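Here is what each chain is made of, one letter per residue.
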Amino acid sequence: MAELLSQLLDAGLLFRSGVDGIYGRSAIFDNVIEAVNAAATRVGASENAEVFRFPPAMPRDRLVRSGYLGSFPQLLGTIHCFCGNESAHRRMLQCVDDGQEWATQQDVTDLLLTPAACYALYPVVAERGTLPAGGGIYDVHSWCFRHEPSLDPARMQCFRLREYVRIGSTDQVLEFRQAWLDRAQGFITEIGLPFEIDVANDPFFGRAGRLMADSQREQKLKYELLVPVSRDDKPTACMSFNYHMDHFGTPWGIKQADGSVAISGCIGFGLERLALALFRHHGLDPAGWPSSVRTSLRLDT
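Source: prediction; values computed, not measured.

Asker: How should I be thinking about the overall build of the protein in this particular structure?
Answerer: The secondary structure content of the protein amounts to 11 helices and 12 strands. Along the longest, intermediate and shortest principal axes, the C-alpha atoms of the protein span 60 × 55 × 40 Å. Considering only contacts within the protein whose residues lie at least 6 apart along the sequence, 70% involve residues at least 24 apart. Accessible surface for the protein amounts to roughly 14400 Å². Of this, 52% is attributable to carbon and sulfur atoms. Side-chain charges of the protein comprise 29 positive and 36 negative groups, with the mean position of each set lying 2 Å from the other.

Laid out in structure tokens, this is it:
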């Protein structure tokens with residue numbers, strides 16, 4: 001893990017911030033991410049999805065209502081701000097001077113850092129009322145945050161997610177997921193990356209979380225497309241294919257045209273992880289990548 005990180009830093013593709021998992025990106029690194037993101041648009045063009053672009057923060061009550069706090073409290077990032085008067089400001093500055101924790105002088109706001117792009121979508125869809133007969137397909141993108149500091153560059157704390165979300169009936173969602181499982185394999189093959197697809201589970205918290213993870217795997221609710229990035233013996237999930245059942249339809253009251261609770265699923269592209277996989281397998285200079293890969297990503301245009 002540290003070896004790949006050192007190579008990226010030495011090549012000037014990433015820049016240290018002083019905190020593990022938080023890095024600056026060079027123009028070259030960011031150009032590759034933009035190329036992958038543009039490729040995701042082309043691969044999903046046939047979906048005719050409605051486009052949503054969300055900021056990296058979302059209302060706290062919306063994320064709690066979606067169940068994230070119950071499942072992944074270890075990953076959640078809250079936003080605090082100074083809301084005091086001049087006296088409180090002096091106390092905060094005194095904490096700084098004394099080497100004490102100054103953040104205790106801040107208050108929690110009504111915002112949380114977005115952990116996954118699709119969480120901001122469901123309340124928007126719910127506010128529109130009943131879905132049309134064909135359900136809905138949505139193209140979502142956001143900067144995201146998960147608190148899991150690591151020396152593995154494929155496990156950044158701040159990263160970008162591109163998602164295609166399907167909301168409708170069980171058959172619609174499962175058909176959507178299968179189509180993307182097939183489509184994604186063609187895309188990853190085109191850009192020259194080795195991969196495997198396997199059943200997976202989310203990192204649910206605690207003892208109850210282990211039971212939830214086992215159930216998720218048993219029901220095959222989540223698949224991941226895995227590519228060796230930092231380690232050959234432990235490949236990294238670069239894409240995910242998720243069947244939520246009514247996990248979001250029920251709390252948000254999203255209804256299908258027949259009045260039944262809507263089912264949802266999503267396909268996620270980890271843009272940083274895919275970029276890292278490209279650098280790992282094709283070299284640190286995109287100018288030297290195979291012509292077929294450059295053509296697929298349109299790096300020559």
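Asker: Explanation requested: the packing of aromatic side chains in the structure shown.
Answerer: The description of two aromatic rings rests on the distance between their centres and on the angle between their planes. Enumeration according to the criterion identifies 13 aromatic pairs in this entry. Pairing Phe29 with Phe279 gives two aromatic rings, centres 5.5 Å apart and planes at 15 degrees, and the pair type is stacked. With Phe29 in helix H2 (residues 27-43) and Phe279 in helix H10 (residues 271-282), this pair connects stretches of sequence that are 250 residues apart. Both rings, one in Tyr68 and one in Phe72, keep their centres 5.0 Å apart while their planes meet at 50 degrees; by these two values the pair is tilted. Over the aromatic face of Trp180 sits the side chain of Arg183, whose NZ or CZ is 4.5 Å from the ring centroid.

Asker: What should I look at first to understand the sheet that holds strand S3 (residues 50-53) in this one?
Answerer: Consider a sheet: its strands pair through backbone hydrogen bonds, and that pairing is either parallel or antiparallel. Read from one edge of the open sheet, 7 strands run S3-S7-S8-S12-S11-S10-S9, paired in mixed fashion. What marks the edges here is a single partner per strand, and that holds for S3 and strand S9 (196-199). Across the sheet, the mean angle from the axis of one strand to that of its neighbour is 20 degrees, orientation sign disregarded. In this fold helix H7 (residues 170-190) packs onto strand S7 (136-145), strand S8 (158-168), S9, strand S10 (222-227), strand S11 (236-245) and strand S12 (263-270), with an angle of close to 170 degrees to the strand it touches most, S11.

Asker: Just to check I follow, could you spell out the nonpolar core for this structure?
Answerer: For soluble globular proteins, nonpolar side chains are generally found buried alongside one another. Residues Phe29, Phe241, Phe269, Leu278 and Leu297 are the most contacted members of the largest nonpolar core, which totals 47 residues. Those elements that provide at least two residues to this core are helix H1 (2-10), H2, H7, S10, S11, S12, H10 and helix H11 (291-297). With residues up to four places along the chain from it excluded, the contact list for Phe241 reads Arg177, Trp180, Leu181, Ala184, Leu221, Lys222, Tyr223, Glu224, Leu225, Cys266 and Ile267. If you look at the next biggest cluster of nonpolar residues, it comprises 32 residues, including Leu63, Leu112, Ile254 and Ala262.

Asker: Help me understand unusual backbone geometry in this model?
Answerer: Peptide bonds are, in most cases, trans, and in most cases residues other than glycine have a negative phi. Despite not being glycine, Lys220 has its phi angle at roughly 55 degrees, a positive value. In the Ramachandran plot, Met245 falls in the positive-phi region, its phi being about 55 degrees despite a non-glycine side chain. Topologically, Met245 is positioned in strand S11. On the basis of relative accessibility, which here comes to 30%, the residue Met245 falls in the partly exposed class.

Asker: Would you explain the side chain of Gln216 in this entry?
Answerer: With respect to the secondary-structure elements, Gln216 resides in helix H8 (residues 206-218). The exposure class of Gln216 is buried, given its relative accessible area of 8%. A polar side-chain atom of Gln216 sits 2.7 Å from the main-chain amide nitrogen of Asp202. Leave out the neighbours within four places in its chain, and Gln216 touches Ala200, Asn201, Asp202, Phe204, Leu221 and Lys222.

Asker: How should the environment of Glu218 be read in this particular structure?
Answerer: Tracing the sequence through the fold places Glu218 in helix H8. Judged by its relative accessible area of 69%, Glu218 is exposed. The sequence separation of Glu218 and Gly134 amounts to 84 residues, and the corresponding C-alpha distance is 29 Å.

Asker: Help me out: how do you make sense of H8 in this one?
Answerer: Taking 1.5 Å of rise per residue, the 13 residues of H8 would be expected to cover 18 Å, and the 18 Å separating its terminal C-alpha atoms lies within 8% of that figure. Along H8, the positions that sit buried rather than exposed are Gly209, Ala213 and Gln216. Projected down its long axis, H8 shows its buried positions confined to an angular sector of 65 degrees, all on one face. Exposed positions of H8 whose direction lies more than 90 degrees from the buried face are Arg207, Ala208, Arg210, Leu211 and Glu218. Contacts from the buried residues of H8 go to S10. The positive-phi residue at the C-terminal boundary of H8 is Lys220, with phi of around 55 degrees.

Asker: Which parts of the structure should I look at to understand the packing of H2 against H10?
Answerer: Two quantities define a packed helix pair, namely the angle between the helix axes and the distance between the axes. Two elements in contact, H2 and H10, have axes whose closest approach is 9 Å; the angle formed by their N-to-C orientations is 115 degrees. As the angle between them shows, H2 and H10 are arranged roughly perpendicular. Classified by chirality, the crossing of H10 by H2 is right-handed. Facing H2, whose interface residues are Ile28, Phe29, Val32, Ile33, Val36 and Asn37, H10 presents Leu271, Glu272, Leu274, Ala275, Leu276, Leu278 and Phe279. Considered class by class, the residues forming the contact of H2 with H10 number 11 nonpolar, 1 polar and 1 charged.

What counts and what doesn't
- Residues numbered from 1 in each chain as written.
- Predicted model: local features only at pLDDT ≥ 70, side-chain atom pairs only at ≥ 80, totals over all residues.
- Heavy atoms only, no water.
- Helix = DSSP H or I, 4+ residues; strand = E, 2+ residues; numbered from the N terminus.
- Contact = heavy atoms within 4.5 Å.
- Areas by Shrake-Rupley, 256 points an atom, 1.4 Å probe, with all protein chains shown as cover.
- Lys, Arg positive; Asp, Glu negative; His and termini not counted.
- Charge placed at Lys NZ, Arg CZ, Asp CG, Glu CD.
- Phe/Tyr/Trp six-rings, centres within 6.5 Å; stacked < 30°, edge-to-face > 60°.
- Lys NZ or Arg CZ within 6 Å of the ring centre and 35° of its normal.
- Pairing = 2+ DSSP bridges.
- Axes fitted to C-alpha atoms, helices over the stretch in contact; angles between N-to-C directions.
- Core = buried A, V, L, I, M, F, W, Y, C linked by side-chain atoms within 4.5 Å.
- Buried < 20%, exposed > 50% of the residue type's maximum accessible area, 1.4 Å probe, protein only.
- Polar contact = N/O pair within 3.5 Å; in protein donor to acceptor, adjacent residues only side chain to side chain.
- Expected span 1.5 Å × (residues − 1).
- Arc of directions from axis to C-beta.
- Parallel < 35°, antiparallel > 145°, perpendicular 65-115°, else oblique.
- Left-handed = near helix turned anticlockwise from the far one by under 90°.
- Nonpolar A, V, L, I, M, F, W, Y, C, P; charged D, E, K, R; others polar.

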